[in-house]
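# Structural description and commentary
As a plain string of letters, each chain reads:
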Amino acid sequence: MKIIGSMVAALVLTGCASLNSLPQSAGEVAFDGERGKTGWAEHRNNGVFQGYDGDQVFEAAKVGLERSGFAVKRADRERGMVLGEHGITLVDWNVVAGVYFQQTGEDTRVHVVSEGSRDVGFAGDATAADWPGKILLNMREYLYGTH
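Residues numbered from 1 in each chain as written. Predicted model: local features only at pLDDT ≥ 70, side-chain atom pairs only at ≥ 80, totals over all residues. Heavy atoms only, no water.

## A short note on the sheet that holds strand 6 (residues 107–116)
Note the cut-off: Only strands joined by at least two bridges in the DSSP assignment are considered to pair. Helix and strand assignments follow DSSP, with helices taken as H or I runs no shorter than four residues and strands as E runs no shorter than two, numbered in order from the N terminus. Every residue pair with non-hydrogen atoms within 4.5 Å of one another is taken to be in contact. Geometry is summarised by axes, namely lines fitted to C-alpha atoms with helices restricted to the contacting stretch, and by angles between N-to-C directions that run from 0 to 180 degrees.
Taken in spatial order, the 6 strands of this open sheet run 1-2-6-5-4-3, and their pairing is antiparallel. The open sheet has two edge strands with one neighbour each: strand 1 (36–37) and strand 3 (70–76). Across the sheet, helix 2 (residues 54–67) lies against strand 2 (42–49), strand 3, strand 4 (81–86), strand 5 (95–104) and strand 6, angled at about 155° from strand 3, the strand it touches most. Its contacts with the sheet place helix 3 (residues 131–146) against strand 2, strand 3, strand 4, strand 5 and strand 6, and it is angled at close to 25° to strand 2.

## Side note on the pairing of strand 6
Regular strands place side chains that alternate from one sheet face to the opposite one. To keep it simple, the criterion reads: Relative accessibility decides the category of a residue: with a 1.4 Å probe and only protein chains considered, values under 20% of the type maximum give buried, values over 50% give exposed, and everything between is partly exposed.
In terms of burial, strand 6 is largely enclosed, as 8 of its 10 residues are buried. Where strand 2 lies against strand 6, 8 bridges are found, and the strand directions are antiparallel. Within strand 6, the residue paired with Asn45 across the bridge is Val112. Examined bridge by bridge, strand 5 and strand 6 share 10 bridges and lie antiparallel to one another. The residue bridging Gln102 from the neighbouring strand is Arg109, located in strand 6. Taken together, strand 5 and the strand that follows it, strand 6, pair antiparallel across an intervening segment of 2 residues, in which Gly105 is found at a positive phi of about 70°.

## Some details on helix 3
Because each turn of an α-helix spans 3.6 residues, side chains separated by three or four positions in sequence point in the same direction. To be explicit about the condition: A helix's residues, less one, multiplied by 1.5 Å, set its expected span. Directions are taken from the helix axis to each C-beta atom, and the arc is the one they span.
End to end, helix 3 covers 23 Å across 16 residues, agreeing with the expected 22 Å (1.5 Å per residue, within 8%). Looking only at helix 3, the buried set comprises Trp131, Pro132, Ile135, Leu136, Asn138, Met139, Tyr142 and Leu143. Down the axis of helix 3, the sector holding all buried residues measures 165°, keeping them to one side. Facing away from the buried side of helix 3 by more than 90 degrees, the exposed set consists of Tyr144 and Gly145.

Structure (structure tokens):
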């Protein structure tokens, strides 16, 4: 019985998404990389904010995460990243997300990655698919409404 309990505990602990599993700087992401489901419980999306500088997008990243239900846990302008955690939802036990940005001329490129809990299902966590899109949408709404 103890063995089964230990196995279940190990499965649950290894299934949780962690901020440490996300890239820790903009230099670690491909801004023109894959979109959509890119891993067991990982989803990515990219965008370009034309006419917005890195400082504006840094603020928008924090607001975008917060409006999407994430608590901002790490934010570093110099490293071009903002990381957040989302609590338990009806279908996820935890989700983490990172917003990465890089100013190129007058525009700023953005890469958003979310990682959900690693369920035991056959397709991985299907509910995290819309998190990057929601975050980008909330960033756009903030930028358009304030600048």
